[in-house]
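Observations on chain architecture
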Amino acid sequence: MRPGPTILEMRSITKTFPGVKALSDVSLRVHAEEIHAVCGENGAGKSTLMKVLSGVYPHGTYEGQILYQGEEVRFRDIRSSEDAGIVIIHQELALIPELSITENIFLGNEPTRFGVIDWQRAREQAVELLARVGLREDPDTLIKNIGVGKQQLVEIAKALAKSVKLLILDEPTAALNEADSQHLLELIVGLKHKGISSIIISHKLNEIAQVADAITIIRDGRAIETLDVAEGGVDEDRIIRGMVGRELESRFPPRTPVIGDVLLEVRDWTVQHPLDADRLVCKGESFVVRRGEIVGFAGLMGAGRTELAMSVFGRSYGTYLSGQVLIDGREVQLRSVSEAIEHGLAYVSEDRKVLGLNLLDDIKRSTVSAKLRKISRGPVVDAFQEHDVAESYRTSLRIKTPSVDMGVAKLSGGNQQKVVLAKWMFTDPDVLILDEPTRGIDVGAKYEIYGIVQQLAAQGKAVIVISSELPELLGLSDRIYTIFEGSITNEFSTAEADPETLMKNMTSRSAAAAR
């Protein structure tokens, strides 16, 4: 299909922050009724470019021109870009959990009658918008009571309420399972056929290759090339080559595991949901992890993977009912996070910005925060030692930042994840639990994090990896447990596992019985 007329042209965009040139002479052209992907490593400048376009960084704070529907635009804020029909949906969804779907869709854009909000009309329009995005949900339902996949659809309904012509989606499927991701991608394709153009930022290259009409690759703040998918020859390897500037021979560093004795054993672990006393989130689960071993946990969203990990890590989720934790064959009591840390456990949470980091802190304070007493003299933190420790991790983990005094909020997602890893490595754990360790980060940063995980295993540590990406689990793990509805259904060596087998055991208990 030939491209339609140009709807957006960004010309020679340059954006500078103190000490850092985030964008340098970047140009981008998007056609009408086109899905245009923007790819690049973390920190390449993708999100910065979209913030320039959407008015988060207003006109005057950058150099260059933006032409929209044939005319130059100078957005002073998000409201002015939305009024023009450009709507951005950020990776961290901008929904208010305690408000209803209707209230979120029309927040700041409420229909009125005689100067008063017309909630009846808002609700009727919400029903129509939800139908357009394929979401069958009562519009009075509170956002906190629906899953992340449905929340993404609410965000798109919210954009449609603003008469969107150009939709920008930043990592739209990062937190979604495979089924929800596919539904969202089909919706975006459907919107294209209804005249709505989209710009997608994503690290899931298979999804990009599936739906994009054109792909612009950004590297180190510069636009390297734009690929026309219709011309053929555009696959994941071709995109990766443009992103990293070289061939990536393997997605995973080479490794020869040396696996020792059982280090961590969990027996008959049973945990109650924190709000629903009749619901068990862990139902008598048992597993072991050996020294030098990387063990994967596979399950669909809501299967209980995170609940298991958090409850073992100092009972930080739910109500403990029964079960044992043994370290080196000796039972230990992990009744709090501090006790878990003292017994050598570390937990890298799936949500680095909410549970992993304090975004008001700088890098050096974040690095040492899980075990301050290691660098304290009595009640006083040794500032020089704090700086030296953070600097050593900045170097060893290759965290891209000019200084450890920089705030973690200013780092890219991949570099924030490295800071979280540094924080827990500083506690010198024996057991490291990684919950979605590469969510929302690029293929180059993933490779580096895989290498870090392998190094930790090589040091004789026991590593648990929870991931929604089955290829990641198969490429990184030595063994994989499958979980369904709060129960471990099966266990596989990676040599005998494949995506189909794992999926069967992630969606049913009967597959385990038949094995």
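Residue indices follow the written sequence of each chain, beginning from 1 at its first position. Confidence filtering applies because this is a predicted model: local features only for residues at pLDDT of at least 70, side-chain atom pairs given and counted only at 80 or more, and all residues used for totals across whole chains, interfaces and linings. Hydrogens and water are ignored here; the side-chain numbers use all heavy atoms of the structure.

1. Looking at the overall build of the chain
Helix and strand labels come from DSSP, where a helix needs a run of H or I of at least four residues and a strand needs a run of E of at least two; each type is numbered from the N terminus. Regarding its fold elements, the chain presents 18 helices and 24 strands. Whereas a compact globule of 515 residues would reach a radius of gyration of roughly 24 Å, the chain reaches 24 Å, a difference of no more than 12%. Projected onto its principal axes, the C-alpha coordinates of the chain cover approximately 70 × 50 × 50 Å. The buried share of the chain, reckoned over its 515 residues, is 52%. Any two residues whose heavy atoms approach within 4.5 Å at even a single point are treated as in contact. Restricting the contact set of the chain to residue pairs at least 6 apart, pairs at least 24 apart contribute 66%. Accessible surface area values rest on a Shrake-Rupley calculation with a 1.4 Å probe, where residue burial reflects the displayed protein chains alone. Counting every atom, the chain has about 22800 Å² of accessible surface; 48% of that belongs to carbon and sulfur. Working convention for charge: Lys and Arg count positive, Asp and Glu count negative, and His plus the chain ends are omitted. Just so you know, the charge point we use is NZ for Lys, CZ for Arg, CG for Asp and CD for Glu. The positive charge centre, built from 60 side chains, and the negative charge centre, built from 73, are 3 Å apart in the chain. The globule rule is 2.2 Å times the number of residues to the power 0.38, and the radius of gyration it is compared with is taken over C-alpha atoms. Only protein chains enter the accessibility calculation, which uses a 1.4 Å probe; a residue is then buried when its area is under 20% of its type maximum, exposed when over 50%, and partly exposed in between.

2. Thoughts on empty space enclosed by the protein
Within this scheme a cavity is a closed region of a 1 Å grid, computed over the protein atoms alone, that accommodates a 1.4 Å probe without allowing it to escape, whereas a pocket is open but has protein on both sides within 12 Å along at least five of seven lines; lining residues each have an atom within 4 Å of a point. Grid points are joined across faces, edges and corners, and a volume is the space filled by probe spheres set on the points. Counted under the stated rule, the structure contains one cavity of 30 Å³ or more. Mapped by element, the contributors of at least two residues to the lining of the largest cavity are α9 (305–312) and β22 (462–466). The element contributing the most residues to the lining of the largest cavity is α9, with four residues. Just so you know the grouping, Ala, Val, Leu, Ile, Met, Phe, Trp, Tyr, Cys and Pro go in nonpolar, Asp, Glu, Lys and Arg go in charged, and all remaining residues, Gly too, go in polar. Split into classes, the residues belonging to the lining of the largest cavity amount to nine nonpolar, no polar and one charged.

3. Some points on the packing of aromatic side chains
Two aromatic rings, taken as a pair, are described by how far apart their centres are and by the angle between their planes. We call Phe, Tyr and Trp rings a pair once their centres come within 6.5 Å, taking the six-membered ring for Trp, and we label the pair stacked below 30 degrees between planes, edge-to-face above 60, and tilted otherwise. A full pass over the atoms with the stated rule returns eight aromatic pairs. Relative to Tyr57, the ring of Phe17 has its centre 5.5 Å away and its plane inclined at 70 degrees; by these criteria the two rings are edge-to-face. Of this pair, Phe17 sits in strand β1 (residues 6–17) while Tyr57 sits in the loop between α1 (46–54) and β4 (63–68), placing them 40 residues apart in sequence. Judged by its relative accessible area of 28%, Phe17 falls in the partly exposed class. Connected via pairs of aromatic rings, a cluster forms that spans Phe287, Phe297 and Tyr481. Charge-over-ring contacts are defined here by two conditions on Lys NZ or Arg CZ: a distance within 6 Å of the ring centre and an angle within 35 degrees of the ring normal. Positioned above the aromatic ring of Tyr320, the side-chain terminus of Arg315 is 3.7 Å from the ring centre. When the ring centre of Phe426 is taken as reference, the NZ or CZ atom of Lys374 above it lies at 4.4 Å.

4. Quick notes on α9
In terms of residue burial, α9 counts as a mostly covered element, since eight of its eight residues are buried. If you check which residues of α9 are buried, you get Arg305, Thr306, Glu307, Leu308, Ala309, Met310, Ser311 and Val312. The positive-phi residue at the C-terminal boundary of α9 is Gly314, with phi of around 70 degrees.

5. So, the packing of helix α5 (residues 148–160) against helix α6 (residues 178–193)
One can describe the packing of α5 onto α6 by two numbers: an axis separation of 10 Å at closest approach and a directional angle of 15 degrees. If you check the angle between α5 and α6, you find them roughly parallel. When the axes of α5 and α6 are compared, the crossing they make is right-handed. Contacts between α5 and α6 pair Gly149, Gln152, Leu153, Ile156 and Leu160 from the former with Asp180, His183, Leu184, Leu187 and Leu191 from the latter. Taken together, the residues that form the contact of α5 with α6 break down as six nonpolar, three polar and one charged. Lines fitted to the C-alpha atoms define the axes, with helices restricted to the stretch that makes contact. Angles between their N-to-C directions range from 0 to 180 degrees. Each angle is binned into one of four classes, with values under 35 degrees roughly parallel, values over 145 roughly antiparallel, values of 65 to 115 roughly perpendicular, and all other values oblique. Crossing chirality is assigned from the near helix's rotation relative to the far helix, an anticlockwise turn below a right angle marking it left-handed and a clockwise turn marking it right-handed.

6. Side note on the sheet that holds strand β5 (residues 71–72)
Two strands are said to pair when DSSP picks up at least two bridges between them. Across the sheet, which stays open at both edges, the four strands sit in the order β2-β1-β4-β5 with antiparallel pairing between neighbours. Since the sheet does not close on itself, it has two edges, and those belong to β2 (20–31) and β5, each with one partner. Of the strand pairs in this sheet, β1 and β2 are connected by eight bridges, and their pairing is antiparallel. Residue pairing in the sheet places Thr16 in a bridge with Lys21 of β2.

7. With respect to the layout of surface pockets
It is a probe the size of a water molecule, rolled over the atoms, that shows where empty space is left. Taken as a whole, the second largest pocket spans an internal volume of roughly 1200 Å³. Put simply, the parts of the chain that give the lining of the second largest pocket at least two residues each are β2, α1, β11 (214–219), α11 (352–356) and α14 (413–425). Here the lining of the second largest pocket takes four residues from α1, the largest share from any one element. When grouped by side-chain class, the residues that make up the lining of the second largest pocket number 13 nonpolar, 15 polar and 13 charged.

8. A few points about the sheet that holds strand β24 (residues 487–493)
Strands sit in the order β18-β21-β22-β15-β23-β24 across an open sheet of six strands; the sheet is mixed. On the outer flanks of this sheet lie β18 (345–348) and β24, each paired with one strand and no other. In this sheet, neighbouring strand axes are inclined to one another by 20 degrees on average, regardless of whether the strands run parallel or antiparallel. In terms of strand pairing, strand β23 (residues 479–484) meets β24 through six bridges, oriented antiparallel. Residue pairing for β24: Tyr481 is matched across the bridge by Glu491.

9. Topic: the confidence of the model for the chain
What pLDDT conveys is the predictor's confidence in a given residue, as a value from 0 to 100. Summarising the model, the chain shows a mean pLDDT of 88, and 95% of its residues fall at 70 or more. Every residue in residues 511–515 is under pLDDT 50, and counting partners more than four places away or in other chains gives ten contacts.

10. Overview of the packing of α14 against helix α15 (residues 443–458)
In the contact formed by α14 and α15, the axes pass within 11 Å of each other and the chain directions differ by 10 degrees. The angle between α14 and α15 places the two elements in the roughly parallel class. Classified by chirality, the crossing of α15 by α14 is left-handed. Contact residues: α14 offers Gln417, Lys418, Leu421 and Met425, while α15 offers Glu448, Ile449, Ile452 and Leu456.

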